Structure formats: C-alpha cells, structure tokens
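Next come the chains, spelled out residue by residue.
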Amino acid sequence: MEIFRIDIPQADLDDLHRRLDQTRWPDELPGLGWERGVPLGYLKELAEYWRSGYDWRAQEARLNELPQFVTDIDGARIHFAHVRSAAADATPLMLIHGWPGSIVEFLDVIGPLSQDFHLVIPSVPGHGFSGPLREAGWTDGRVARAFTELMARLGYDRYGVQGGDIGAFIAPEMGRIAPDNVVGVHVNALVTFPTDDPAPFTEREQERLALFKHFQDDLMGYMQIQGTRPQTLAYGLTDSPIGQLAWIVEKFYEWTDPAAKLPEDAVDRDRLLTNVMLYWLTNTARSSANSYYERFHDASMWAPKAPSTVPTGVAVFTTDVAIRRFAEQTNTITRWTEYERGGHFAALEAPDTFAADVRAFFVTRAFVTRA
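The rules behind the values
Residues numbered from 1 in each chain as written. Predicted model: local features only at pLDDT ≥ 70, side-chain atom pairs only at ≥ 80, totals over all residues. Heavy atoms only, no water. Core = buried A, V, L, I, M, F, W, Y, C linked by side-chain atoms within 4.5 Å. Buried < 20%, exposed > 50% of the residue type's maximum accessible area, 1.4 Å probe, protein only. Helix = DSSP H or I, 4+ residues; strand = E, 2+ residues; numbered from the N terminus. Contact = heavy atoms within 4.5 Å. Pairing = 2+ DSSP bridges. Phe/Tyr/Trp six-rings, centres within 6.5 Å; stacked < 30°, edge-to-face > 60°. 1 Å grid on protein atoms, 1.4 Å probe; cavity = no way out; pocket = protein on both sides within 12 Å on 5 of 7 lines; lining within 4 Å. Points joined across faces, edges and corners; volume = space filled by probe spheres on them. Nonpolar A, V, L, I, M, F, W, Y, C, P; charged D, E, K, R; others polar.

You'll find the protein entered in an unreviewed UniProt entry as Microsomal epoxide hydrolase, with Phytohabitans rumicis given as the organism.

Chemist: How do you make sense of the nonpolar core when you look at a structure like this?
Modeler: Nonpolar side chains in soluble globular proteins tend to be buried together. Ranked by size, the top nonpolar core spans 112 residues in total, and within it Trp50, Trp56, Met94, Ile96, Leu119 and Met174 carry the most contacts. When residues of this core are assigned to their parent elements, the largest contribution, eight residues, is made by helix α10 (residues 241-255). Beyond its immediate sequence surroundings of up to four residues, Met94 is in contact with Val120, Pro122, Phe147, Leu150, Met151, Gly160, Val161, Gln162 and Met174.

Chemist: Would you mind going over the pairing of strand β2 (residues 68-73) with me for this structure?
Modeler: Taken residue by residue, a regular strand's side chains alternate between the two faces of the sheet. As judged from the three bridges shared by strand β1 (residues 2-4) and β2, these two strands associate in the antiparallel manner. What sits directly across from Phe4, in β2, is Gln68. As consecutive antiparallel partners, β2 and strand β3 (residues 76-83) are separated by two residues, and within that stretch Asp74 has a phi angle of approximately 55°, a positive value.

Chemist: Help me understand the packing of aromatic side chains, please; the structure alone is not making it clear to me.
Modeler: Each aromatic ring pair is characterised by the separation of its centres together with the angle its planes make. Across all of its chains, the model carries 18 aromatic pairs by this definition. Here the aromatic rings of Trp34 and Tyr253 are separated by 3.8 Å at their centres, their planes lie at 10°, and the arrangement is stacked. Taken together, the residues Trp34 in the loop between α1 (10-21) and α2 (40-52) and Tyr253 in helix α10 connect sequence positions 219 residues apart. Judged by its relative accessible area of 16%, Trp34 is buried.

Chemist: What's the story with the layout of surface pockets in this structure? I'm lost.
Modeler: A water-sized probe, rolled over the atoms, reveals where empty space remains. In this model, the largest pocket occupies a volume close to 1100 Å³. Along the walls of the largest pocket sit 42 residues, with Phe215, Leu219, Tyr222, Glu254 and Trp255 positioned nearest its centre. Looking at the lining of the largest pocket, the elements that each hand over two or more residues are α7 (203-219), α8 (221-228), α10 and α13 (285-296). Classifying every residue of the lining of the largest pocket by side-chain character gives 24 nonpolar, eight polar and 10 charged.

And the structure:
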C-alpha cells in the first residue's frame, strides 16, 4: 500500500487546452433543445468555461487534501481515499461511486460523515486513478471481492457500505460475499427490475414504472453502446475532450433533479468538470465503459439471487426508479426513505440530505453509538 498524490503533468493540461482550441464542432438542427442530445450552444459555452475559467490546479489541490493511497488487488491498481474520523471508535464505512461519477461525488459529504465514520472511498476499478484496467473479467462481483479485500487490508473486520448507481450493485454484492463483515448496506440510485406481481401498484409506484419505461425507450442508448461496443466508443472519447464532456454532461442533465433546468443548476459547475477531468486525464473512457460490457455478459449478474441477509437501507430521490416490493426480493430492507429534492447524483445534489440519511440508517441499526 502506497501513499498517492495527484500531480498531473502540465503537458497534459496544455494538450487538453490545445484540443479544446482545435475542436471541430458539428452543426445541429434548429430549435430541438436537448431531445436529440446535448445542444451545441450549451456545450460551446461550457467548453469555453472549461478552457478559460476552470482551474484544475485548484481542484487538484482540493482532492489532495484527502489522504489517498493505491494498492494492488487481484492484478489491478486500486486507488482510494481513507479519511479517518477523530473518534477512534468510529464505524468504518466504504462509499462507492457510480458511472459517470468518481470520488468527486463525495467531497461535500466527507466532513459530516467523518464525524461518525472512518471513510474509505475507492475509485471503482477501471475508473479514475483505479484505471485503466488491462484485462477483461472485472465484473461487479469481482469488484466487490476486491473491495472486501481492501477493507480487510485496512484492518476493518466490521464495516458498512454505501453505493449509488453501479455502486448500488457492488455494495449489496459485498454484503453477500462477506455477511459476517458487512454490518449494513445503504444504497441510492438503486435500479429494481419489474417482475410479475399481481398486487396493484400505488400512484408513486406507477410513476416510477413510467420513469423506468422512459429510460428504456429513450435514455439508455449510452448503456447499449457501452455494454456492446466499448472499444469503438473509446476512440472518440479518448481523442476528443468535447466528446468526453458531452458523453458525461448529458447524464447530468437527464439524471439530476428535474427542477434543475441545466446540469450546473443541480451540481456545481467546477465539480462537474472535475469529475469529467478524472475520466479525461486518466484515459479511462474505454475501461469505464467496459464495465457495462462485463455487466451485460456476466451470467451471474442476471441469475436469481437469494435475498441478502445484511440489513439494507434505500434512499430514493426524484429520478430514481426503485420500487420497494421488487427490492425486497433480493435484499433485507430495514429502512426506506423517499425525498422530493435531489436526483441520481444525490451526494452532489443534496449532500445534507444524503449524509443525514446515511447516518440515520446506521444509527437506527445501532451500528453507530454516538448521538
């Protein structure tokens, strides 16, 4: 295990600026807004800010305030932040980001959560400084096993896990792999898949089913491409920072709280760009997209699972599609909360609500003993 510090060569930043300056822009059909993808005018404005107003060195210094480390597990380099609480008896808690997220998602919740938890915040293999991956086979199950190994190496025998998006697949899997070690699992942005159920749906459940259908019909093109042809996609995203920016910012438009008209109305613009930078600077467009290919082609991912016995808390935000009756088929749900503010990137959009819900789940379960 080695201490890690982010130190991006100036040549990499100069190359980024050169590429932004030399962007070959497409045209667009008039008056369409976001319905066919990111609007040209919006992306040009955001790119100009990225080129002339955004300060990577300031964001790099902010990230370097976190104690960071790297270690090799199962043939891959795993990067993580490890923020110990001032309270020696604090509960260890792993926070797992999703796609297209990163450890940047958790910057605003580290302060409040570290009052009660020793925080371990890994970059998911293939993402950020845990990438690029050099071999196939990094399924969610393999990631979960690597993360349980990481907690063991840190000396944590009993700990909680929190995850959103793909983290909401990995975190429950950690509970199945190590039920004697994982005291509780908390998830947001959980995806539940409808199954045959004769019981009538409530109005709220019908709304979520409609959201799920809308996602399947209109919003999952990115998933099909990443899940089937990640290598082909990687050429464009790796060569063009504008391509990488558009690929990610579209999700921040579609998945954040619908009360926000633009992504930066929901998420701080600098945080959004720092998140994009962790994909661009680490050259992980290909390996992060490849995680979807692994997911699509992993038979165990879709095989029936016995319910996890680990107590599980679910926080449901405005754009989430989770339905409790479906979640209970594979999880032991002990807390279910629904919120009217914040969306898919809850720790970024509503850090106060997110942190309070995480803490309340573990306090309720008596995993955390301090008031």
